[in-house]
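Notes for the structure review
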Amino acid sequence: MNYISTRGDMSRKHFCEILLEGLAPDGGLYLPESYPHVDDATLTRWRAVYHQEGYAELAFEILSLYIDDIPAPDLRSICHKTYTAEVFGTGEIVPLRHLENGLWLEALSNGPTLAFKDLAMQLLGNLFEYELARRGEELNILGATSGDTGSAAEYAMRGKKGVRVFMTSPANRMSPFQQAQMFSLLDENIHNIAVDGVFDDCQDMVKAVSNDLEFKRKYKIGTVNSINWARLLAQVVYYFAGYFQATETNAEKVSFTVPSGNFGNVCAGHVARMMGLPIAKLVVATNENDVLDEFFKTGVYRVRSSADTHETSSPSMDISKASNFERFVFDLLGRDGARVKALFGDALARTGRFDLSQHPAFNQSTLRYGFQSGQSTHADRLATIKDSFERFGMLIDTHTADGVKVAREHLQPGVPMIVMETALPIKFAATIVEALGREPDRPAKFVGIEALPKRVTRMAADVEAVKAYIAEHCA
Ligand SMILES: *Cc1c(COP(=O)(O)O)cnc(C)c1O
């Protein structure tokens, strides 16, 4: 399988060449040259593989269609090392739970940091370690986080050979639970940097370091952001696993509702559907930051300014633009790289928006690709959390609540609707208290983490200071 850029660069690359890269050289995102098609016999075989041999083996089957530069026995052992009941809490890895008639939750959040990002990041950690050892190289991951991504990256890379993580976060802005989760990691290759400033200051520092090409090369600086193709590919697997749990035969269809921010999770659903998974609808659920809902309703994609980006109680969906959206638009426009470059490279840079409402392809987003959308507000979130708890005894987190609220608006008789549970309620306890007047239960392994010893370096929002810190700790 070869990979191409969404902006027209057709130099074909293999999986391991793009694994450690971010954007393609032309500024686009990598996608496979074509999606492998899964026929009915293969789908039947995979169903048996998932039920009898487990999630790790299903992951191997799917990944091996996209990865031709890791020998099969190695890829299989990477999958089996990653997806264990010990790390993800259950043998099913992503068990379905029934909420009410036709409405299911797929539990994606039982990994080490209690958010769905673990499912991809844990695999990425093992792939990075494997590939860096094979090349005899090292990588220093520099990132900025306001919570979920940074901790998922740290828990995936801790103790891995050849990798260090330097993770900046705004000092005292994360929840006490999130801070405890990250800062209690004492592994030598994990560096927490608490910056005097806000998340944007952290992100600006990371950008400034990455723009210093000499520093970047000398210290082998890399990232693990959501545009990484390997992360997206890892996520494709749980769409198949959800389908196999909700259906008994391949004649049945299901729909998914996905609490969305950067469009990474639901884009994996799009890939699964392109491979032939029988998905009726892919419903994109947003919070008050409704960039994506606006596009699917009107055909206009408009990037928000930071003043126009709301801080909400489902903070991992607070985005001003959706960084993976370009991948879907590439498919929507018949894989016309020049057109995508004109939209994402030129129009967005110039005007911050583009309009596909008059383009014949726009109608295809629903008709041909099954996309629908909806949004949810703070009041919806509180009401949905309360209702799920009172009627079904099911405590859900704020992001999942956005999903459940929107899913109900898109139910079809006879088609199971699976809502992706993207985090556990303990991560967003303050809003749970607001909704229910009580604290969410804490999984046993997190009891008392706030009292653990912490390892974190406090720093001014100063690019030279972070560079000096990296240089000192790479020696
Ligand atoms: C990252 C995240 C999302 C958004 O996922 P995208 O792939 O960016 O669309 C939703 N919910 C939670 C809890 C997250 O951590």
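If you're wondering where the values come from, they're calculated on a predicted model, not measured in any experiment.

Parameters and conventions
- All residue numbers refer to positions counted from 1 along the written sequence of the respective chain.
- Confidence filtering applies because this is a predicted model: local features only for residues at pLDDT of at least 70, side-chain atom pairs given and counted only at 80 or more, and all residues used for totals across whole chains, interfaces and linings.
- Heavy atoms throughout the structure, all of them, feed into the side-chain values; hydrogens and water do not.
- Numbering of helices and strands runs from the N terminus; a helix is a DSSP stretch of H or I covering at least four residues, while a strand is a stretch of E covering at least two.
- The buried label goes to any residue with under 20% of its type's maximum accessible area, the exposed label to any with over 50%, and the partly exposed label to all in between, with areas taken from a 1.4 Å probe on protein chains only.
- Any two residues having at least one pair of non-hydrogen atoms within 4.5 Å are treated as being in contact.
- Two cysteine sulfurs form what is called a disulfide whenever their separation falls within 2.5 Å.
- For this analysis, a salt bridge means a side-chain nitrogen from Lys or Arg found within 4 Å of a carboxyl oxygen belonging to Asp or Glu.
- In this analysis, axes come from line fits to C-alpha atoms, helices being fitted only over the stretch in contact, and the angle between any two N-to-C directions falls in the range 0 to 180 degrees.
- Small angles under 35 degrees read as roughly parallel and large ones over 145 as roughly antiparallel, with 65 to 115 read as roughly perpendicular and the rest as oblique.
- For a crossing to be left-handed, the near helix must be turned anticlockwise from the far one by less than a right angle; the clockwise case is right-handed.
- Put simply, Ala, Val, Leu, Ile, Met, Phe, Trp, Tyr, Cys and Pro go in the nonpolar bin, Asp, Glu, Lys and Arg in the charged bin, and everything else, Gly too, in the polar bin.
- UniProt positions are given in the numbering used here, feature names are shortened, and annotations may be inferred rather than shown by experiment.
- Here, a strand pair is defined by DSSP locating no fewer than two bridges between the strands.
- Each Phe, Tyr or Trp ring (for Trp, its six-membered ring) is paired with any other whose centre lies within 6.5 Å, and the angle between the two planes then decides the class: stacked below 30 degrees, edge-to-face above 60, tilted in between.
- By convention in this text, a residue qualifies as near a molecule or strand provided that one of its non-hydrogen atoms is within 4 Å of it.
- Under this definition, polar contacts are N or O atom pairs within 3.5 Å; protein pairs additionally need one hydrogen-donor-capable and one acceptor-capable atom, and for neighbouring residues in sequence, both atoms have to be side-chain atoms.
- We get accessible surface area from the Shrake-Rupley algorithm with a probe of 1.4 Å; when it comes to residues, only the shown protein chains can shield them.
- As used in this record, nonpolar core signifies buried Ala, Val, Leu, Ile, Met, Phe, Trp, Tyr and Cys residues forming a set joined through side-chain atoms within 4.5 Å.

**With respect to the side chain of Q235**
Secondary-structure assignment places Q235 in helix 11 (residues 229–246). Judged by relative accessible area, which is 5%, Q235 ranks as buried. Dropping the residues within four chain positions of it, Q235 is found in contact with F116, A120, G264, N265 and A268.

**Concerning the state of the cysteines**
Evaluated as defined, the whole model comprises zero disulfides. Sulfur of C202: no disulfide; nearest cysteine sulfur belongs to C474 and is 19 Å away. You can call C202 buried: its relative accessible area is 0%.

**Re the pattern of salt bridges**
One pass over the full model with this rule turns up 33 salt bridges. E57 is the salt-bridge partner of R76, the closest N and O atoms lying 2.7 Å from each other. Of the two residues, R76 is situated in helix 4 (residues 72–82) and E57 in helix 3 (residues 55–64); the sequence distance between them amounts to 19 residues. Salt bridges sharing partners connect three or more residues here, namely D290, E294, R302, R304 and D308.

**Points about the packing of helix 3 against helix 11**
For the pair helix 3 and helix 11, the least separation of the axes is 9 Å and the interaxial angle reads 125°. In terms of axis orientation, helix 3 runs oblique to helix 11. The way helix 3 lies across helix 11 gives a crossing that is right-handed. Only L233, A234, V236, V237, Y238, F240, A241 and F244 of helix 11 make contact with helix 3, whose side of the interface consists of Y55, L58, A59, I62 and L63. Considered class by class, the residues forming the contact of helix 3 with helix 11 number 13 nonpolar, no polar and no charged.

**Quick word on the UniProt feature "modified residue: N6-(pyridoxal phosphate)lysine" (unreviewed entry) in the protein chain**
Here, the residues flagged by UniProt with the feature "modified residue: N6-(pyridoxal phosphate)lysine" (unreviewed entry) are K117. Its relative accessible area of 13% is what places K117 among the buried residues. When neighbours within four sequence positions are excluded, K117 is seen to be in contact with D148, T149, A152 and R231.

**Quick look at the sheet that holds strand 4 (residues 103–107)**
Reading across the sheet, the six strands line up as 3-4-14-9-10-13 and stay open at both edges, with mixed pairing between neighbours. Each edge of the sheet is formed by a strand with only one pairing partner; in this case those strands are strand 3 (96–100) and strand 13 (371–375). Each adjacent strand pair in this sheet contributes to an overall mean axis angle of 25°, direction not counted. In the sheet, strand 9 (residues 254–259) pairs with strand 14 (residues 417–421) via three bridges, with the strands oriented parallel. Across the sheet, the residue bridging to T257 is V419, located in strand 14.

**Describing the UniProt feature "domain: Threonine synthase N-terminal" (unreviewed entry) in the protein chain**
UniProt marks residues 2–83 with the feature "domain: Threonine synthase N-terminal" (unreviewed entry), using the numbering shown here. With 49% helix and 7% strand, the stretch residues 2–83 has end C-alpha atoms that lie 26 Å from each other.

**Things to note about the sheet that holds strand 15 (residues 457–460)**
What the five strands build is an open sheet, ordered 8-5-6-7-15; its pairing is parallel. Edge positions in the open sheet fall to strand 8 (221–222) and strand 15, since each of these has one partner strand only. Taken together, the six bridges between strand 6 (residues 163–170) and strand 7 (residues 190–196) define a ladder with parallel strand orientation. In the sheet register, T168 faces strand 7, and the bridge partner there is I193. Sitting on the sheet, helix 9 (residues 199–211) is in contact with strand 5 (139–144), strand 6, strand 7 and strand 15, with an inclination near 150° to strand 5.

**Let's talk about the packing of aromatic side chains**
Any pair of aromatic rings gets described here by the distance separating the centres and the angle formed by the planes. Counted under the stated rule, the structure contains 31 aromatic pairs. Seen from their ring centres, F328 and F371 are 4.6 Å apart, and the 55° between their planes marks the pair as tilted. Of this pair, F328 sits in helix 14 (residues 325–332) while F371 sits in strand 13, placing them 43 residues apart in sequence. By relative accessible area, F371 is classed as buried at 0%. Through a chain of ring-to-ring contacts, three or more aromatic side chains come together here, namely F263, F295, F296, Y301, F325, F328, F344, F354, F362, Y369 and F371.

**Quick look at the pairing of strand 3**
With four bridges connecting them, strand 3 and strand 4 associate as antiparallel partners. Note that in strand 4 the partner of E100 across the bridge is L103.

**Notes on the site of the ligand**
Around the ligand, the structure places 15 residues, and the nearest of them are K117, D148, G261, N262 and N265. Between the ligand and K117 there is a distance of 2.6 Å, counted from an oxygen atom to a side-chain nitrogen or oxygen. Coverage of the ligand by the protein amounts to 96% of the 390 Å² it exposes when considered alone. Its residues assigned to classes, the shell around the ligand comprises five nonpolar, eight polar and two charged.

**Looking at the environment of G125**
Secondary-structure assignment places G125 in helix 6 (residues 117–135). For the pair formed by G125 and Y155, sequence separation is 30 residues and the distance between their alpha carbons is 8.8 Å. Contacts of G125, omitting those with residues within four sequence positions, involve A156, M157 and K160.

**Here we look at the nonpolar core**
Ranked by size, the top nonpolar core spans 115 residues in total, and within it F128, F240, F263 and F325 carry the most contacts. The element best represented in this core is helix 11, accounting for 14 residues. Other than its neighbours up to four places away in sequence, F128 contacts L19, L20, L139, I141, M157, V163, T223, V224 and N228.

**Remarks on the environment of E138**
Of note, E138 is situated in the loop between helix 6 and strand 5. Residue E138 is classed as partly exposed on the basis of its relative accessible area of 40%. Beyond its immediate sequence surroundings of up to four residues, E138 is in contact with L132, G162, R164 and K220. A distance of 3.5 Å separates polar atoms of two side chains, one belonging to E138 and the other to R164.

**Looking at the side chain of N324**
The topology assignment puts N324 in the loop between strand 11 (300–302) and helix 14. Once residues within four sequence positions are removed from consideration, N324 is found in contact with L29, S226, I227, L232, N262, F263, G264 and C267.

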